[in-house]
Amino acid sequence: MDNPIPTYWTIRLQRVQKALEANNFDVYIADNKDMAKKLAYDTIIPAMAPKTISWGGSITFVGTRLYEALKNDPRYTVLDTYDKGLSPEQSVQLRREALLVDLFISGTNAVTETGHLVNLDMIGNRVAALTFGPKHVLLFIGRNKLVADQAAAMARIKNYAAPVNVMRLEKKSPCGKTGRCENCSSPDRICNTWTITEKSFPKQRIKIVLINEDMGF
(Lines give C-alpha, C1' and ligand atoms only; values in the text may rest on other atoms or scores of the structure.)
Protein backbone atom coordinates (compact mmCIF):
# COMPACT_ATOMS: atom_id res chain seq x y z
CA MET A 1 0.00 0.00 0.00
CA ASP A 2 1.55 3.30 -1.12
CA ASN A 3 -0.24 5.61 1.29
CA PRO A 4 -1.65 3.80 4.33
CA ILE A 5 -2.41 6.87 6.46
CA PRO A 6 -5.71 7.90 4.77
CA THR A 7 -6.79 4.25 4.84
CA TYR A 8 -6.00 4.01 8.55
CA TRP A 9 -8.09 7.10 9.24
CA THR A 10 -10.92 5.91 7.02
CA ILE A 11 -11.20 2.77 9.15
CA ARG A 12 -11.30 4.82 12.36
CA LEU A 13 -13.76 7.34 10.95
CA GLN A 14 -16.08 4.58 9.76
CA ARG A 15 -16.04 3.13 13.26
CA VAL A 16 -16.91 6.52 14.75
CA GLN A 17 -19.60 7.02 12.10
CA LYS A 18 -21.33 3.84 13.27
CA ALA A 19 -21.09 4.92 16.91
CA LEU A 20 -22.53 8.34 16.12
CA GLU A 21 -25.33 6.88 14.02
CA ALA A 22 -26.22 4.55 16.89
CA ASN A 23 -26.63 7.74 18.94
CA ASN A 24 -29.10 9.21 16.41
CA PHE A 25 -26.71 11.54 14.59
CA ASP A 26 -26.83 11.70 10.78
CA VAL A 27 -23.23 11.15 9.67
CA TYR A 28 -21.24 11.47 6.45
CA ILE A 29 -17.56 10.96 5.67
CA ALA A 30 -15.63 13.18 3.25
CA ASP A 31 -12.12 12.40 2.00
CA ASN A 32 -11.02 16.03 2.28
CA LYS A 33 -12.28 19.56 2.92
CA ASP A 34 -13.23 20.15 -0.72
CA MET A 35 -15.42 17.05 -0.75
CA ALA A 36 -16.91 18.11 2.58
CA LYS A 37 -17.90 21.46 1.10
CA LYS A 38 -19.39 19.87 -2.01
CA LEU A 39 -21.30 17.28 -0.01
CA ALA A 40 -22.78 19.92 2.28
CA TYR A 41 -23.50 22.54 -0.37
CA ASP A 42 -24.88 20.24 -3.07
CA THR A 43 -26.63 17.56 -1.00
CA ILE A 44 -27.02 17.99 2.74
CA ILE A 45 -28.11 21.63 2.93
CA PRO A 46 -30.53 21.59 -0.04
CA ALA A 47 -32.25 18.54 1.46
CA MET A 48 -32.92 20.55 4.64
CA ALA A 49 -34.24 23.50 2.60
CA PRO A 50 -33.32 26.15 5.17
CA LYS A 51 -34.39 29.75 4.71
CA THR A 52 -32.14 31.15 7.43
CA ILE A 53 -28.56 30.12 8.23
CA SER A 54 -26.00 31.11 10.83
CA TRP A 55 -22.91 29.66 12.48
CA GLY A 56 -20.74 29.45 15.55
CA GLY A 57 -16.99 29.82 15.76
CA SER A 58 -15.27 27.01 13.85
CA ILE A 59 -11.91 27.04 12.09
CA THR A 60 -12.88 23.74 10.47
CA PHE A 61 -16.07 25.19 8.95
CA VAL A 62 -14.17 28.22 7.62
CA GLY A 63 -11.48 25.89 6.26
CA THR A 64 -13.99 24.14 4.01
CA ARG A 65 -14.75 27.53 2.34
CA LEU A 66 -18.44 26.80 2.66
CA TYR A 67 -18.73 30.04 4.61
CA GLU A 68 -18.07 32.16 1.52
CA ALA A 69 -20.39 30.06 -0.64
CA LEU A 70 -23.35 30.38 1.73
CA LYS A 71 -22.77 34.04 2.48
CA ASN A 72 -22.98 34.86 -1.23
CA ASP A 73 -25.91 32.56 -2.04
CA PRO A 74 -29.14 34.54 -2.56
CA ARG A 75 -31.26 31.52 -1.67
CA TYR A 76 -30.46 31.97 2.00
CA THR A 77 -30.87 34.69 4.59
CA VAL A 78 -27.57 34.64 6.47
CA LEU A 79 -26.99 35.94 9.98
CA ASP A 80 -23.25 36.48 9.74
CA THR A 81 -21.89 36.43 13.28
CA TYR A 82 -18.36 36.56 11.78
CA ASP A 83 -18.94 40.09 10.47
CA LYS A 84 -16.07 42.18 11.88
CA GLY A 85 -18.03 45.37 11.25
CA LEU A 86 -20.48 44.61 14.05
CA SER A 87 -20.28 46.48 17.33
CA PRO A 88 -20.01 44.31 20.47
CA GLU A 89 -23.70 44.94 21.19
CA GLN A 90 -24.71 44.03 17.63
CA SER A 91 -22.58 40.90 17.74
CA VAL A 92 -24.25 39.65 20.91
CA GLN A 93 -27.71 40.40 19.55
CA LEU A 94 -26.99 38.57 16.30
CA ARG A 95 -25.77 35.56 18.25
CA ARG A 96 -29.06 35.54 20.11
CA GLU A 97 -31.02 35.70 16.87
CA ALA A 98 -28.88 32.89 15.44
CA LEU A 99 -30.37 30.51 17.98
CA LEU A 100 -33.63 30.54 15.99
CA VAL A 101 -32.34 29.93 12.46
CA ASP A 102 -33.28 26.94 10.34
CA LEU A 103 -29.66 25.79 10.06
CA PHE A 104 -26.75 26.40 12.42
CA ILE A 105 -23.26 25.36 11.31
CA SER A 106 -20.21 24.80 13.49
CA GLY A 107 -17.58 22.28 14.54
CA THR A 108 -16.84 20.36 17.72
CA ASN A 109 -13.89 20.39 20.08
CA ALA A 110 -13.75 16.60 20.32
CA VAL A 111 -15.66 13.47 19.35
CA THR A 112 -15.24 10.22 21.24
CA GLU A 113 -14.99 6.73 19.81
CA THR A 114 -18.29 5.99 21.57
CA GLY A 115 -19.99 8.68 19.50
CA HIS A 116 -20.27 11.58 21.95
CA LEU A 117 -19.55 15.24 21.21
CA VAL A 118 -17.60 17.23 23.80
CA ASN A 119 -17.42 21.02 23.66
CA LEU A 120 -16.22 23.92 25.79
CA ASP A 121 -17.38 27.46 25.02
CA MET A 122 -16.57 31.01 26.05
CA ILE A 123 -19.78 32.90 25.28
CA GLY A 124 -22.04 29.86 25.06
CA ASN A 125 -23.82 30.59 21.79
CA ARG A 126 -22.20 27.66 19.99
CA VAL A 127 -23.08 25.05 22.59
CA ALA A 128 -26.52 26.62 23.13
CA ALA A 129 -27.36 26.15 19.44
CA LEU A 130 -26.01 22.62 19.50
CA THR A 131 -28.32 21.80 22.39
CA PHE A 132 -31.56 23.56 21.42
CA GLY A 133 -32.98 26.23 19.14
CA PRO A 134 -32.01 25.92 15.47
CA LYS A 135 -34.11 23.45 13.51
CA HIS A 136 -31.03 21.77 12.06
CA VAL A 137 -27.36 21.67 13.09
CA LEU A 138 -24.49 20.78 10.76
CA LEU A 139 -21.04 20.05 12.19
CA PHE A 140 -17.74 19.66 10.36
CA ILE A 141 -15.22 17.52 12.25
CA GLY A 142 -11.62 16.88 11.23
CA ARG A 143 -10.06 13.52 12.03
CA ASN A 144 -7.74 15.15 14.58
CA LYS A 145 -10.75 15.73 16.87
CA LEU A 146 -11.19 12.00 17.44
CA VAL A 147 -10.37 10.81 20.98
CA ALA A 148 -10.91 7.64 22.99
CA ASP A 149 -13.36 8.85 25.62
CA GLN A 150 -14.74 11.85 27.50
CA ALA A 151 -11.71 12.14 29.78
CA ALA A 152 -9.41 12.28 26.78
CA ALA A 153 -11.73 14.80 25.14
CA MET A 154 -11.60 17.13 28.13
CA ALA A 155 -7.83 16.82 28.37
CA ARG A 156 -7.47 17.59 24.68
CA ILE A 157 -9.67 20.66 24.95
CA LYS A 158 -8.12 22.07 28.12
CA ASN A 159 -4.48 21.46 27.23
CA TYR A 160 -4.46 21.88 23.46
CA ALA A 161 -7.54 23.38 21.83
CA ALA A 162 -8.08 26.11 24.44
CA PRO A 163 -4.46 27.34 24.62
CA VAL A 164 -4.13 27.38 20.84
CA ASN A 165 -7.38 29.33 20.49
CA VAL A 166 -6.25 31.77 23.16
CA MET A 167 -3.11 32.34 21.08
CA ARG A 168 -5.11 32.66 17.87
CA LEU A 169 -7.53 35.17 19.37
CA GLU A 170 -4.74 37.03 21.19
CA LYS A 171 -6.49 36.67 24.52
CA LYS A 172 -4.60 37.32 27.75
CA SER A 173 -5.44 34.09 29.55
CA PRO A 174 -2.31 32.46 31.04
CA CYS A 175 -2.63 29.25 29.01
CA GLY A 176 -1.61 31.29 25.99
CA LYS A 177 1.85 31.55 27.55
CA THR A 178 2.14 28.21 29.33
CA GLY A 179 0.44 26.02 26.70
CA ARG A 180 -1.70 24.26 29.29
CA CYS A 181 -4.79 24.96 31.38
CA GLU A 182 -4.11 27.06 34.47
CA ASN A 183 -7.72 27.00 35.70
CA CYS A 184 -7.55 30.78 35.54
CA SER A 185 -9.88 33.59 36.52
CA SER A 186 -8.80 35.81 33.64
CA PRO A 187 -11.38 38.20 32.14
CA ASP A 188 -10.30 36.68 28.82
CA ARG A 189 -10.97 33.09 29.92
CA ILE A 190 -12.54 31.18 27.02
CA CYS A 191 -13.39 28.03 29.03
CA ASN A 192 -16.77 28.66 30.63
CA THR A 193 -19.46 26.19 29.56
CA TRP A 194 -19.10 22.46 28.94
CA THR A 195 -21.55 20.36 26.94
CA ILE A 196 -21.50 16.62 26.34
CA THR A 197 -23.90 15.57 23.62
CA GLU A 198 -24.51 11.84 23.93
CA LYS A 199 -27.37 11.65 21.42
CA SER A 200 -29.04 13.81 18.83
CA PHE A 201 -32.57 14.82 19.76
CA PRO A 202 -34.69 14.82 17.76
CA LYS A 203 -33.13 12.00 15.80
CA GLN A 204 -30.85 13.28 13.01
CA ARG A 205 -31.36 16.93 13.97
CA ILE A 206 -27.56 17.08 14.24
CA LYS A 207 -25.80 16.18 11.02
CA ILE A 208 -22.08 15.57 10.96
CA VAL A 209 -19.48 15.54 8.20
CA LEU A 210 -16.34 13.70 9.33
CA ILE A 211 -13.37 14.86 7.28
CA ASN A 212 -10.35 12.65 6.58
CA GLU A 213 -7.95 15.53 7.14
CA ASP A 214 -6.56 17.33 10.16
CA MET A 215 -8.65 20.49 10.46
CA GLY A 216 -9.11 23.12 13.12
CA PHE A 217 -7.91 22.91 16.69
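Residues numbered from 1 in each chain as written. Predicted model: local features only at pLDDT ≥ 70, side-chain atom pairs only at ≥ 80, totals over all residues. Heavy atoms only, no water.

A few points about the side chain of Arg 126
Looking at the element boundaries, Arg 126 is found in helix α6 (residues 125-131). For Arg 126, a relative accessible area of 9% gives the class buried. (Helix = DSSP H or I, 4+ residues; strand = E, 2+ residues; numbered from the N terminus. Buried < 20%, exposed > 50% of the residue type's maximum accessible area, 1.4 Å probe, protein only.)

Description of the packing of aromatic side chains
Counted under the stated rule, the structure contains 8 aromatic pairs. Centroid distance Tyr 8 to Trp 9: 5.4 Å. Interplanar angle 80°. Geometry classified as edge-to-face. Classification of Trp 9 as buried rests on a relative accessible area of 15%. Relative to Tyr 67, the ring of Trp 55 lies with its centre 5.1 Å away and its plane at 75°, an arrangement referred to as edge-to-face. Here Trp 55 is found in strand β2 (residues 52-55), whereas its partner Tyr 67 is found in helix α4 (residues 66-71), with 12 residues between them in sequence. Exposure remark for Trp 55: the relative accessible area of 0% places this residue in the buried category. Among the residues examined, Tyr 67 registers a relative accessible area of 13% and is labelled buried. Put simply, the rings of Trp 55, Phe 61, Tyr 67, Tyr 82 and Phe 140 touch in pairs and so form one group of aromatic residues. (Phe/Tyr/Trp six-rings, centres within 6.5 Å; stacked < 30°, edge-to-face > 60°.)

Observations regarding the nonpolar core
Ranked by internal contacts, the top residues of the largest apolar core, which has 22 residues, are Ile 45, Leu 66, Leu 70, Ile 105, Leu 138, Phe 140 and Val 209. Taken together, the elements giving at least two residues each to this core come down to α2 (33-48), β2, α4, β4 (103-106), β7 (136-142) and β10 (206-211). It is α2 that contributes the most residues to this core, 6 residues altogether. With near-sequence residues (within four places) excluded, Leu 66 lies in contact with Lys 37, Ala 40, Tyr 41, Ile 45, Phe 61, Ile 105 and Phe 140. (Core = buried A, V, L, I, M, F, W, Y, C linked by side-chain atoms within 4.5 Å. Contact = heavy atoms within 4.5 Å.)

Quick word on empty space enclosed by the protein
Applying the stated rule across the entire model yields 2 cavities of 30 Å³ or more. Together, Lys 158, Ala 162, Ser 173, Pro 174, Cys 175, Cys 181, Glu 182, Asn 183, Cys 184, Arg 189, Ile 190 and Cys 191 line the largest cavity. A breakdown of the residues in the lining of the largest cavity according to their chemical character gives 7 nonpolar, 2 polar and 3 charged. Here the second largest cavity is characterised by a volume of approximately 30 Å³. Those elements that place two or more of their residues in the lining of the second largest cavity are β4, α6 and β7. Of all the elements, α6 adds the most residues to the lining of the second largest cavity, at 3 residues. Class assignment for the residues of the lining of the second largest cavity results in 5 nonpolar, 3 polar and 1 charged. (1 Å grid on protein atoms, 1.4 Å probe; cavity = no way out; pocket = protein on both sides within 12 Å on 5 of 7 lines; lining within 4 Å. Points joined across faces, edges and corners; volume = space filled by probe spheres on them. Nonpolar A, V, L, I, M, F, W, Y, C, P; charged D, E, K, R; others polar.)

Brief notes about the sheet that holds strand β9 (residues 193-197)
Taken together, 4 strands build an open sheet; the order of strands is β8-β5-β6-β9 and the sheet is mixed. Edge positions in the sheet fall to β8 (146-147) and β9, since each has one partner strand and no second. Of the pairings in the sheet, the one linking strand β5 (residues 110-112) to β8 comprises 2 bridges and is parallel in character. The partner of Thr 112 across the bridge, within β8, is Val 147. Helix-sheet contacts for helix α7 (residues 150-169) involve β5, β6 (117-121), β8 and β9, and the interaxial angle to β6 is about 30°. (Pairing = 2+ DSSP bridges. Axes fitted to C-alpha atoms, helices over the stretch in contact; angles between N-to-C directions.)

Examining a nonpolar patch on the surface
Where nonpolar side chains cluster on the molecular surface, the patch consists of Met 154, Trp 194 and Ile 196 and spans about 230 Å² of accessible area. When you line up the elements, Trp 194 lands in strand β9. (Patch = residues over 30% accessible without salt bridge, like charges linked within 9 Å, V, L, I, M, F, W, Y side chains within 5 Å. Areas by Shrake-Rupley, 256 points an atom, 1.4 Å probe, with all protein chains shown as cover. Salt bridge = Lys/Arg side-chain N within 4 Å of Asp/Glu carboxyl O.)

Brief notes about the pattern of salt bridges
Counting across every chain of the model gives 8 salt bridges. With a closest N to O distance of 3.2 Å, Asp 121 and Arg 126 form a salt bridge. The exposure classification of Asp 121 matches that of Arg 126, with both residues buried. One salt bridge connects Glu 182 with Arg 180, and the closest N-O pair in it is separated by 3.5 Å.

Considerations on α2
The end-to-end C-alpha distance of α2, which contains 16 residues, comes to 21 Å, matching closely the 22 Å that a straight helix rising 1.5 Å per residue would cover. Of all the bends found along α2, the most pronounced is centred on Ala 40 and spans about 40°. Among all positions of α2, only Ala 36, Leu 39, Ala 40, Ile 44, Ile 45 and Met 48 are buried. Residue Asn 32 occupies the N-cap position of α2, its side-chain oxygen lying 3.1 Å from the main-chain nitrogen of Asp 34. The first or second residue beyond α2 is Ala 49, which carries a positive phi of 50°. (Expected span 1.5 Å × (residues − 1). Bend = angle between axes of the 7 residues up to and from the residue. Polar contact = N/O pair within 3.5 Å; in protein donor to acceptor, adjacent residues only side chain to side chain.)

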